[in-house]
Amino acid sequence: MIQAPRTYGWLNGLGLITMIRRELVREWRFFQYTVFGPALQASLFTLIFLLSTDRGDLSVGTLSFIEFLCPGLVLSAILQRSFESAGYSLMDDKLSDRLQDILGIPLTCLELILAYCLSGLLVSLAIGATVWIALALIAGPVAPQSIILLLSYAILGSVIFSSFGTLAALFSPKWDSIAGKETFILMPALFLSGTFFPLSAVPEAFQGILRLNPVFYLMDGFRYAMTGYNDADPALGMGIVVATALALWSLSLILLARGYKLKA
């Protein structure tokens, strides 16, 4: 008796969950590096600034410098891990020829992109929470002003950097290439986004250049949601962040659907 082929609705939920579980298991194998590593790094940054900024008059608006700094360190950890989770996973599958097997399973390109992004989101949020706890133990807790807005910026930021990681993996023929994109594109974008300094600390001639960086609005919005401090208009910033997330996610979906440079 010949059975009819199995059909799926608009979304293969079981396949998507299985793919996400696969990525999470891969992350769990190195949890001591992926989770505790960023927390240790952020703690060291905080300790350095605490030791070097012991003046009581060093503040940003109504915030102490450490209160200003903590949201940037939390979001930086989220964004960096989102890039590495999606980009390094796809790169590993690509170079080890496992991607050909993955492309043969009943998952659409949309579902593959969702799997990489959602697994990266879950891991990066766990890392962000770990960094937040570590910084609270060192510098004192910072209660968020808006949980919903905070999660919105964290999710949008994860989508942006997961999509960028996917694009970096597609455009990279080897590990050195994707590592170079992280070093020369991702890290400057993070460091020049206001993670460590307010906009007022930058010379006026360079403030316009800083505003051209979409990550600046992401960082500013996340800090606004946590502390109430902002350098840019929150509505404008949210619009730029959403547009950037949609553009990068759509581009990664289109290139993956076309099979762009999927062979190593």
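In case you missed it, the structure is sitting above this.
Here's a quick rundown of the structure. Computed from a predicted model, the values in this text were never measured in an experiment.

Attention shifts here to the pattern of salt bridges. Within the structure shown, the criterion is met by nine salt bridges. Between arginine 26 and aspartate 93 there is a salt bridge, with its nearest N and O atoms 3.4 Å apart. Linking arginine 26 in helix α1 (residues 13-28) with aspartate 93 in helix α4 (residues 65-95), this pair joins segments that are 67 residues apart in sequence. A relative accessible area of 0% places aspartate 93 in the buried class. The salt bridge involving arginine 98 is made with aspartate 92; its shortest N-O contact spans 2.4 Å. The class of arginine 98 is partly exposed, set by a relative accessible area of 34%. According to the relative accessible area criterion, aspartate 92 is partly exposed, its value standing at 26%. One connected set of salt bridges, linked through shared partners, spans Arg22, Glu23, Arg26, Asp92, Asp93 and Arg98.

If you walk through the whole model with that rule in mind, you get eight aromatic pairs. Ring centres of phenylalanine 83 and tyrosine 88 lie 6.4 Å apart, and the angle between their planes is 70°; on these two criteria the pair is classed as edge-to-face. By relative accessible area, tyrosine 88 is classed as partly exposed at 26%. With 5.1 Å between their ring centres and 55° between their planes, phenylalanine 171 and tyrosine 260 make a pair best called tilted. One end of the pair, phenylalanine 171, is in helix α7 (residues 147-171); the other, tyrosine 260, is in the segment after α11 (234-257), and 89 residues separate them in sequence. Here the aromatic residues Phe83, Tyr88, Phe164 and Trp175 are joined through ring pairs into a cluster of three or more. A cation over a ring is seen here: arginine 223 above phenylalanine 68, with NZ or CZ 3.8 Å from the ring centre.

Rules behind the numbers
- Residues numbered from 1 in each chain as written.
- Predicted model: local features only at pLDDT ≥ 70, side-chain atom pairs only at ≥ 80, totals over all residues.
- Heavy atoms only, no water.
- Salt bridge = Lys/Arg side-chain N within 4 Å of Asp/Glu carboxyl O.
- Helix = DSSP H or I, 4+ residues; strand = E, 2+ residues; numbered from the N terminus.
- Buried < 20%, exposed > 50% of the residue type's maximum accessible area, 1.4 Å probe, protein only.
- Phe/Tyr/Trp six-rings, centres within 6.5 Å; stacked < 30°, edge-to-face > 60°.
- Lys NZ or Arg CZ within 6 Å of the ring centre and 35° of its normal.

Everything listed here is a matter of geometry and, on its own, says nothing about what the molecule does.
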